[in-house]
Amino acid sequence: MSPGSALPAAAAIARAPAFRLHNRVVPVLFAAGAAALLCGGFVALAPNRLVSGRPIGLFAAADWRISGAIAVLGLAVLATAFAPPGRTLHRAAAFLSSLLVLLTLEAAGQAASSLGAGAPALARISLGAGFWVLLGAAALAIIDALQRAGAGPGERLAVAAALAAAILAIAQAGLLDALSLAREFHTRQHLFAAALVRHIVLVAAAVGPAVLIGLPLALAAVRRPGWQGPLFAVLNLLQTIPSIALFGLLIVPLSALAAAFPGLAALGIGGIGPAPAIIALVLYALLPVVRNSVAGIAGVDPAVVDAARGMGMTRRELLWRVELPLALPLLLAGLRIVMVQAIGLAVVAALIGAGGLGIFVFEGLGQYAADLVLLGALPAILLALAADFLLQSLAALAARR
Amino acid sequence: MRVRDALASPVLWVGVLFVALLVGMPELRPVFHWAFPAVKEPVFERTSFVALWLSHAGMVAAASLAASIIGVGLAVFATRPAGRDFRPIVNVLATIGQTFPPAAVLALAVPAIGFGPEPTIVALFLYGLLPVIENALAGLDGVPPAVRDAAEGMGLSPWQMLRDVELPLAMPAILAGVRVSVTIAIGTATIGSTVGALTLGTPIFDGLAGNKLPFVIQGAVLVALFAILTDMLFARLDRRLRALPETPFGR
C-alpha cells in the first residue's frame, strides 16, 4: 500500500462496523454444538450395561454452574468470530476452546456422579451424542484457531501436551469415575494395561522390521530404476488385500509350519496368535516405507550429490551423510502412514487371537456392550492420532532444518 | 491383435479365476476333503458365495457411490469463494478422520445404529468420504492458474468453469481418491460380518469361530481376489482417463 492510500484506507476502517463476521467456521461449529445440546442427550442413563440408555440433556443432567459455564464459554468462542482477526485473538480463541473441551469432560463426569447417586448400583451412565458433538466442535475450534494464528509445530505440540495433561489430571482426580466407560475400565484395569502394551508391541514388531526391510529395498530400487515397476506392483497388490483375508491366508502356512516343527509352536509361532498378525502388518507396511524412501532419496538434488562426490565422499558416506538426512522429511512421512495404518490394522488382529485393544472392541460387539467397544476403540483412535500428530510435527521440524 | 491383447491382460485372468471360484467352490469339495480330512463339511454352504459377494459388493457400491458424490461436492464447496473459509478445516477433518482405524469406526457405528448391514454401510460411507475429499481438494487445487485465467478470459461462467475445466482436470485425482475409498470399503465390509452384515468375510469368521480352516481359506481367497480385481479395474480406468488428450477444456 502506498503512503498516499493510507488515509482513505483508515477512513474505510473507521466507517466499517468494528464487529462483523470474520470467521464463518466458528459459527457453524457453535451451531452444531448448540443444536446437539438442545436436541440430543448429553449423557444416557441405562438400568444396566447391556441395554441402551435414556438420553438426558446437559442442562437437566449437570449442575447449573458447569452447564452455565459451558454456555458462557461457547458464546465467548462465538464472539471471537466477530472480532477483528489477529494473533492474540486467535490464541485467545484456542485457549477458550480448550477450556470448553475440559469443561465438557467435567460436565459429563459431574452429571454421571449426580445421576448415579440416586440410581441403583447396576445403573450405567454413558456418554451421549450431545457430548461427542460438543467435544468434536470444541476440538475443531481449537484447530481452526491454531491454523488462523499460524501456529508452528512447536506451538501445536505444546497446546496438545497441555490439553492431554489437563485431561489426565481430570481423570486422575476421579472426576470421570462415575461414567460407565470408567467403570468398564476399572473392572478390567489389568487386562486393559496388558492389551494396550500388546497393541503397541504388535505395532513396533511390525514397523521395525518393515523399515529394516523397506529401506534396503528402496535403495536397491533407486539404484536400479528398472526394478521399481515390478516391486511396486507386488507391494501394491499386498496392500490391496483386506487385512482379515491376509491374516486368514497366513494362518494356513503358519499352522502347517507349527505342526511340522513343534519347536516353533513352543516359541509361540502358530496359525493363530501374534505371528500371522505381525507378518501381515509388516507386509502392509512395506509399500509406504519403500514408496516414501524411493521418493525421498530419488528427490535429492543431483547437484548436491555431485558436490558430495566431488568432496571425495564414498558411497556409504554419501548415503548416511547426504541422501538419508535430506530424505528425512519424506522418510518420516512414510513412517507416519505406516504407524497409523499398523495401529488400525492391529485392532483387527484381535480376531485371530493376536490380542491388543481389538479384544475389547470385538468382545463388546459380541456382548452388545457399547462402553466396552469404546474402551477398545477410543485408545486405538487416540494412539493413532498421537502417532500421526507426533510424526507430522517431527517431519515438519525436519523439513525446516 | 486385439484378442491377443485381451488374452494377455491379467485383469481377464484374475476375473475368470474369481468368477470360477465364486460359482464353482463346491466343486472343490474333494480337494478340501483331501487337504483337511478332519473337517467333516469342508465347504461353506450356509449361504452361496455368489449371494455373499452380491451383498458385499452391493454395500461397497452403495456406500462408495454416495461417498464419492458427497465428497466431491464438499471439496467443490470448499474451493468456491463462498466456502473458502472452510477449506482448511475440511482438509484437517479429512486427514484426521483417516487416522481413525476403520474397524473402530465400524464398531462405533453399531451402538449408534444397531446390528445388521446398516452400520456397515454408514461406516463405509463416512470413512469413504475422507480420501475422496482429500484427493478432490488436491485435484481442484492442481488446476493451473493460467488455465483458469484463460477460461475466464473466454467468458466461461463459474458453473461452466467447474464443469468443463476444473472437474475434468481434477478427474484423475478424484478417481485416485475413489480407488482408495473403494479398497478400504471392501476390507472394512469384510469385517462387517462381525456386526451382522452378510459379506465374503462371513465364511472367514465362521471358520475362525468354529475352527474350520477351509472356510477361512475360501473366504480369504475370494475376498483377496475381489479386492485385487477391483483395484486392477480402477488402474485400467485410470490409464484410460490419463490417455485422453490433455485439452484444457475437457473432451
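Nothing here was measured: the structure is a model prediction, and the numbers come from that model.

As a further point, take the interface of chain A and chain B. In many reports, interface size means the accessible area that the parts give up when they come together. The partner chain B presents 42 residues to the 41 residues of chain A that form the contact. Taking both sides of the interface into account, the surface hidden between chain A and chain B amounts to around 3400 Å²; carbon and sulfur atoms contribute 82%. At the junction of chain A with chain B, the criterion picks out 1 salt bridge. Note that Asp-85 of chain B is salt-bridged to Arg-148 of chain A, the shortest N-O span being 3.5 Å.

We now examine the nonpolar core. Counting residues in each nonpolar core, the largest one holds 126 residues, and the members touching the most others are Phe-247, Val-361 and Leu-365 of chain A together with Phe-49, Leu-200 and Leu-222 of chain B. Per-element accounting of this core gives the leading share, 13 residues, to helix α11 (residues 213-243) of chain B. Formed jointly, this core draws a minimum of three residues from each of two domains, domain 1 (16-180) and domain 2 (189-400) of chain A. In contact with Phe-49 of chain B, other than residues within four places in its own chain, are Leu-22, Met-25, Val-43, Phe-44, Leu-200, Pro-203, Gln-218 and Leu-222 of chain B. Ala-62, Leu-127, Ala-145 and Ile-170 of chain A belong to the second-largest nonpolar core, a separate cluster that totals 37 residues.

Its identity as a non-glycine residue notwithstanding, Tyr-368 of chain A has a phi of 60 degrees, on the positive side. By the secondary structure assignment, Tyr-368 of chain A is in the loop between α16 (358-367) and α17 (370-400). At Asn-211 of chain B, a residue that is not glycine, the phi angle is positive and equals roughly 55 degrees. By the secondary structure assignment, Asn-211 of chain B is in the loop between α10 (201-210) and α11.

Attention now moves to the sheet that holds strand β3 (residues 124-127) of chain A. Residues and elements named next belong to chain A. A sheet is described by the order of its strands in space; here 3 strands give the open sequence β2-β1-β3, paired in antiparallel fashion. The open sheet is flanked by β2 (54-56) and β3, the only strands paired with a single partner. Strand-to-strand twist in this sheet, taken as the mean axis angle between neighbours without regard to direction, amounts to 30 degrees. Sheet topology note: the strand β1 (residues 43-46)/β2 ladder contains 3 bridges and is antiparallel. Across the sheet, Val-43 pairs through a bridge with Ile-56, a residue of β2. On the sheet, helix α5 (residues 87-117) packs against β1, β2 and β3 and is oriented at approximately 160 degrees with respect to β3.

So, on to the pattern of salt bridges. In this structure the tally under the stated criterion is 18 salt bridges over all chains. Residue Glu-155 of chain A is joined to Arg-91 of chain A by a salt bridge in which the shortest nitrogen-to-oxygen separation is 2.8 Å. Residue Glu-155 of chain A is found in helix α7 (residues 153-172), and its partner Arg-91 of chain A is found in helix α5; the two are separated by 64 residues along the sequence. In this structure Glu-155 of chain A comes out as partly exposed when scored by relative accessible area, which is 25%. When its relative accessible area of 39% is taken as the criterion, Arg-91 of chain A is described as partly exposed. Arg-87 of chain B serves as the salt-bridge partner of Asp-141 of chain B, at 2.1 Å between the closest nitrogen and oxygen. Separated by 54 residues along the polypeptide, Asp-141 of chain B in helix α7 (residues 117-141) and Arg-87 of chain B in helix α5 (residues 87-99) bring together distant segments of the chain. On the basis of relative accessible area, Arg-87 of chain B is assigned to the buried category, the value being 18%.

Residues and elements named next belong to chain A. Side-chain alternation along β1 places Val-43 and Leu-45 on one buried face and Ala-44 and Ala-46 on a second face that is also buried. Pairing of β1 with β3 involves 4 bridges; the strand directions are antiparallel. The residue of β3 that forms the bridge with Leu-45 is Ile-125.

The subject of this paragraph is the layout of surface pockets. Considered as a void within the structure, the second largest pocket measures approximately 1500 Å³ in volume. In this structure, the second largest pocket is lined by 46 residues; those nearest its centre are Gln-239 and Gln-341 of chain A together with Gln-98, Val-180 and Ile-184 of chain B. Secondary-structure elements contributing two or more residues to the lining of the second largest pocket are α10 (228-240), α13 (274-298) and α15 (315-349) of chain A together with α5, α6 (102-113), α7, α9 (158-191) and α11 of chain B. Among the elements that make up the lining of the second largest pocket, the one with the highest residue count is α9 of chain B (10 residues). Of the residues contributing to the lining of the second largest pocket, the split by class is 24 nonpolar, 14 polar and 8 charged.

Before going further, it helps to spend a moment on empty space enclosed by the protein. All names here are of chain B. Counted under the stated rule, the structure contains 2 cavities of 30 Å³ or more. Of the voids in this model, the largest cavity is the one considered here, and its volume is about 60 Å³. Every residue lining the largest cavity is listed: Pro-102, Ala-123, Leu-124, Tyr-127, Gly-128, Pro-131, Ser-181, Ile-184, Ala-185 and Thr-188. Counting residues per element, the ones that place at least two in the lining of the largest cavity are α7 and α9. Among the elements that line the lining of the largest cavity, the one with the most residues is α7, at 5 residues. Considering only residue class, the lining of the largest cavity consists of 7 nonpolar, 3 polar and no charged.

For the rest of this paragraph, the subject is helix α8 (residues 180-187) of chain A. Residues of α8 of chain A that are buried: Ser-180, Leu-181, Ala-182 and Glu-184 of chain A. Summarising the contacts, the buried residues of α8 of chain A are in contact with β3 and α17 of chain A.

What follows covers the packing of aromatic side chains. Considering all chains together, one arrives at 11 aromatic pairs over all chains under this definition. Both rings, one in Phe-18 of chain B and one in Trp-53 of chain B, keep their centres 5.9 Å apart while their planes meet at 75 degrees; by these two values the pair is edge-to-face. Linking Phe-18 of chain B in helix α2 (residues 10-24) with Trp-53 of chain B in helix α4 (residues 49-79), this pair joins segments that are 35 residues apart in sequence. Residue class for Trp-53 of chain B comes out partly exposed when judged on its relative accessible area of 25%. Aromatic ring contacts, followed pair by pair, group Phe-42, Phe-131 and Trp-132 of chain A into a single cluster. Note that Arg-224 of chain A overlies the ring of Trp-227 of chain A, its terminal NZ or CZ placed 4.9 Å from the centroid.

Calculation notes
- Residues numbered from 1 in each chain as written.
- Chains lettered and ligands numbered in written order.
- Predicted model: local features only at pLDDT ≥ 70, side-chain atom pairs only at ≥ 80, totals over all residues.
- Heavy atoms only, no water.
- Contact = heavy atoms within 4.5 Å.
- Buried area = accessible area lost by both parts, 1.4 Å probe.
- Salt bridge = Lys/Arg side-chain N within 4 Å of Asp/Glu carboxyl O.
- Core = buried A, V, L, I, M, F, W, Y, C linked by side-chain atoms within 4.5 Å.
- Buried < 20%, exposed > 50% of the residue type's maximum accessible area, 1.4 Å probe, protein only.
- Helix = DSSP H or I, 4+ residues; strand = E, 2+ residues; numbered from the N terminus.
- Domains from an automatic or database assignment.
- Pairing = 2+ DSSP bridges.
- Axes fitted to C-alpha atoms, helices over the stretch in contact; angles between N-to-C directions.
- 1 Å grid on protein atoms, 1.4 Å probe; cavity = no way out; pocket = protein on both sides within 12 Å on 5 of 7 lines; lining within 4 Å.
- Points joined across faces, edges and corners; volume = space filled by probe spheres on them.
- Nonpolar A, V, L, I, M, F, W, Y, C, P; charged D, E, K, R; others polar.
- Phe/Tyr/Trp six-rings, centres within 6.5 Å; stacked < 30°, edge-to-face > 60°.
- Lys NZ or Arg CZ within 6 Å of the ring centre and 35° of its normal.

By themselves, these figures tell us nothing about what the structure is for.
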